Amino acid sequence: MLFCKVNQKIDISLPNNIELYIKRDDLLHPYISGNKFRKLKYNIQEALNKKAKLLITFGGAYSNHILAVAAAGKEYGIATLGIIRGEELENKIIENPTLSLASSFGMQFDFISREKYSQKEDASYLEELKIKFEGGYILPEGGTNDLAIKGCEEILVQEDVQFDYICCAVGTGGTLSGIINASTKHQKIIGFSALKGDFLSEVICKFVSKKNWNINNEYHFGGYGKVSDDLITFLNEFYKTTGIPLDPIYTGKMMYGVLHMIQKNKFPSNSKILLIHTGGLQGIKGINTIRLKKNKALLQYE
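Residues numbered from 1 in each chain as written. Predicted model: local features only at pLDDT ≥ 70, side-chain atom pairs only at ≥ 80, totals over all residues. Heavy atoms only, no water.

Considering the overall build of the protein chain
Turning to step 1, where the next piece is worked out: What the protein chain contains, in helices and strands, is 11 helices and 10 strands.
Turning to step 2, where the next piece is worked out: Its C-alpha atoms give the protein chain principal-axis dimensions of about 60 × 45 × 35 Å.
Turning to step 3, where the next piece is worked out: Classification of the 302 residues of the protein chain by burial places 52% in the buried group.
Turning to step 4, where the next piece is worked out: Long-range contacts, defined here as pairs at least 24 residues apart, represent 74% of the contacts in the protein chain between residues at least 6 apart.
Turning to step 5, where the next piece is worked out: Approximately 14,300 Å² of the protein chain is accessible, and the part contributed by carbon and sulfur atoms is 48%.
Turning to step 6, where the next piece is worked out: Side chains of the protein chain give 37 positive and 32 negative charges; the mean places of these two sets differ by 2 Å. (Helix = DSSP H or I, 4+ residues; strand = E, 2+ residues; numbered from the N terminus. Buried < 20%, exposed > 50% of the residue type's maximum accessible area, 1.4 Å probe, protein only. Contact = heavy atoms within 4.5 Å. Areas by Shrake-Rupley, 256 points an atom, 1.4 Å probe, with all protein chains shown as cover. Lys, Arg positive; Asp, Glu negative; His and termini not counted. Charge placed at Lys NZ, Arg CZ, Asp CG, Glu CD.)

Focus: the layout of surface pockets
Turning to step 1, where the next piece is worked out: Quantified by volume, the second largest pocket comes out at close to 440 Å³.
Turning to step 2, where the next piece is worked out: Lining the second largest pocket are 14 residues, and of these Leu281, Gln282, Ile284, Lys285 and Glu302 lie nearest its centre.
Turning to step 3, where the next piece is worked out: Secondary structure elements with two or more residues in the lining of the second largest pocket: α3 (97-104) and α11 (284-293).
Turning to step 4, where the next piece is worked out: Sort the elements by how many residues they give to the lining of the second largest pocket and α11 lands first, with three residues.
Turning to step 5, where the next piece is worked out: Split by residue class, the lining of the second largest pocket holds 10 nonpolar, two polar and two charged. (1 Å grid on protein atoms, 1.4 Å probe; cavity = no way out; pocket = protein on both sides within 12 Å on 5 of 7 lines; lining within 4 Å. Points joined across faces, edges and corners; volume = space filled by probe spheres on them. Nonpolar A, V, L, I, M, F, W, Y, C, P; charged D, E, K, R; others polar.)

Section: the sheet that holds strand β10 (residues 272-276)
Sheet strands line up and pair through hydrogen bonds in the backbone, either parallel or antiparallel.
Turning to step 1, where the next piece is worked out: Read across the sheet, six strands follow the order β1-β2-β10-β7-β8-β9 without closing on themselves; strand pairing throughout is mixed. Edge positions in the sheet fall to β1 (7-9) and β9 (213-216), since each of these pairs with one other strand and no more. Strand-to-strand twist across the sheet, computed as the mean angle between neighbouring axes with direction ignored, equals 25 degrees.
Turning to step 2, where the next piece is worked out: Two strands pair when backbone bridges link them, and strand β7 (residues 165-170) and β10 are joined in this way by three bridges, in the parallel orientation. Directly across from isoleucine 166, in β10, lies its bridge partner leucine 274.
Turning to step 3, where the next piece is worked out: Here helix α10 (residues 251-263) sits on the sheet and contacts β2 (19-23), β7, β8 (188-193), β9 and β10; the angle it forms with β10, its principal contact strand, is near 165 degrees. (Pairing = 2+ DSSP bridges. Axes fitted to C-alpha atoms, helices over the stretch in contact; angles between N-to-C directions.)

Structural notes on the sheet that holds strand β3 (residues 54-59)
Turning to step 1, where the next piece is worked out: The strand order across the open sheet built from four strands is β5-β4-β3-β6, with neighbouring strands paired in parallel fashion. Two strands lie at the open edges of the sheet, namely β5 (108-112) and β6 (136-138), each paired on one side alone. Averaged over neighbouring strand pairs, the angle between their axes works out to 25 degrees when direction is ignored.
Turning to step 2, where the next piece is worked out: Relative to β5, strand β4 (residues 79-85) runs parallel, the two sharing five bridges. Residue pairing in the sheet places isoleucine 83 in a bridge with aspartate 110 of β5.
Turning to step 3, where the next piece is worked out: Along the sheet, helix α2 (residues 64-76) contacts β3 and β4; its crossing angle with β3, the most-contacted strand, is approximately 165 degrees.

Some points on the nonpolar core
Among soluble globular proteins, nonpolar side chains are generally buried collectively.
Turning to step 1, where the next piece is worked out: Within the largest apolar cluster, 34 residues are counted, with the highest numbers of intra-cluster contacts made by Leu20, Met255, Val258, Ile262, Phe267, Ile273 and Leu275.
Turning to step 2, where the next piece is worked out: Mapped onto this core, the elements with two or more residues apiece are β2, β7, β8, α9 (229-242), α10, β10 and α11.
Turning to step 3, where the next piece is worked out: Residue contacts for methionine 255: discarding those within four places in its chain leaves Ile10, Leu20, Ile22, Phe234, Phe238, Leu246 and Leu275.
Turning to step 4, where the next piece is worked out: If you look at the next biggest cluster of nonpolar residues, it comprises 27 residues, including Ala47, Leu55, Ala68 and Leu139. (Core = buried A, V, L, I, M, F, W, Y, C linked by side-chain atoms within 4.5 Å.)

A few points about the environment of aspartate 11
Turning to step 1, where the next piece is worked out: Examined against the element boundaries, aspartate 11 turns out to sit in the loop between β1 and β2.
Turning to step 2, where the next piece is worked out: On the accessibility criterion, aspartate 11 (61% relative accessible area) is exposed.
Turning to step 3, where the next piece is worked out: Taking C-alpha positions, aspartate 11 is 6.8 Å from threonine 242, a pair spaced 231 residues apart along the chain.

What to know about the pattern of salt bridges
Turning to step 1, where the next piece is worked out: Taken as a whole and judged by the stated rule, the model has 11 salt bridges.
Turning to step 2, where the next piece is worked out: Note that lysine 120 and glutamate 141 form a salt bridge whose closest N and O atoms lie 3.6 Å from each other. Of this pair, lysine 120 sits in the loop between α4 (114-117) and α5 (123-132) while glutamate 141 is found in the loop between β6 and α6 (146-152), placing the two residues 21 residues apart along the sequence.
Turning to step 3, where the next piece is worked out: Owing to a relative accessible area of 18%, lysine 120 belongs among the buried residues under this scheme.
Turning to step 4, where the next piece is worked out: In this structure glutamate 141 comes out as partly exposed when scored by relative accessible area, which is 28%.
Turning to step 5, where the next piece is worked out: Overlapping salt bridges bring together Arg85, Lys120 and Glu141 as one network. (Salt bridge = Lys/Arg side-chain N within 4 Å of Asp/Glu carboxyl O.)

A word on the pairing of β3
Turning to step 1, where the next piece is worked out: Within β3, six of the six residues are buried, which leaves it mostly tucked inside the rest of the structure.
Turning to step 2, where the next piece is worked out: With burial as the criterion, each face of β3 is covered, one bearing Leu54, Ile56 and Phe58 and the other bearing Leu55, Thr57 and Gly59.
Turning to step 3, where the next piece is worked out: As paired strands, β3 and β4 are joined by six bridges and run parallel to one another. Within β4, the position partnered with phenylalanine 58 by the bridge is isoleucine 83.
Turning to step 4, where the next piece is worked out: Handedness of the β-α-β unit built from β3, α2 and β4 comes out right-handed.
Turning to step 5, where the next piece is worked out: Where β3 lies against β6, three bridges are found, and the strand directions are parallel. (Right-handed = clockwise from strand over helix to strand, strands pointing away.)

Next up, the structure:
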């Protein structure tokens, strides 16, 4: 795998002498990007140690995790199976940029109903998979487990102690948990939820003991996968100004939230803020495909 750590300063005008940087983890690998690289690092090592014959995981139509697992499987010579939410997608692989690319990496799919998919964490269902696919290594949806958090603890490095605030988008909570564990006492960690609801704090508490963090639920733009015209306009303007592409499901909402909070004086003067770019750019083709059918404005990063 490639490995590239870059903290890029965001050169835009900010009040109160605030400095803003973004860790470009989207540059870690062309397909195993951002936090997926971090989450898979030690899981792939464990699968190889156990001589696993198959990586089994779960995801939706445009899942970053599904594509990352497919790419990792190809890179390390392990077969992959994606259990996909939605039986209707079975005959639409070629129309789906994420699934078609995952398929080109050799991933096989099992398309199941949403009702069946809701059992993805049930012990009985997981046991069925272990019996059916002997020698399989099961990764949870989004990739979050103890080994994933271990990998995410490596996002922060020694040079990052200079920052007062670390901000990260949150889906399943694994990435933020790793960042919290790696943070120093003086740092405040803010997670920007991509989902509705306040259940994430309870999930994260299972993995961390520190208290220097909180979850912001104000910038989910209607919930997971919801993308508004205002958000698209913001992301296009941000890219034109900075040259930094952001995905609209996670990092784009985080960036919008941080800049809005800065304008509302939610950060003290002279704060140094580091945002984590968790990748996810592969999903932009899928978002644009959906928006094009609805005659909506598109993300324009090329």
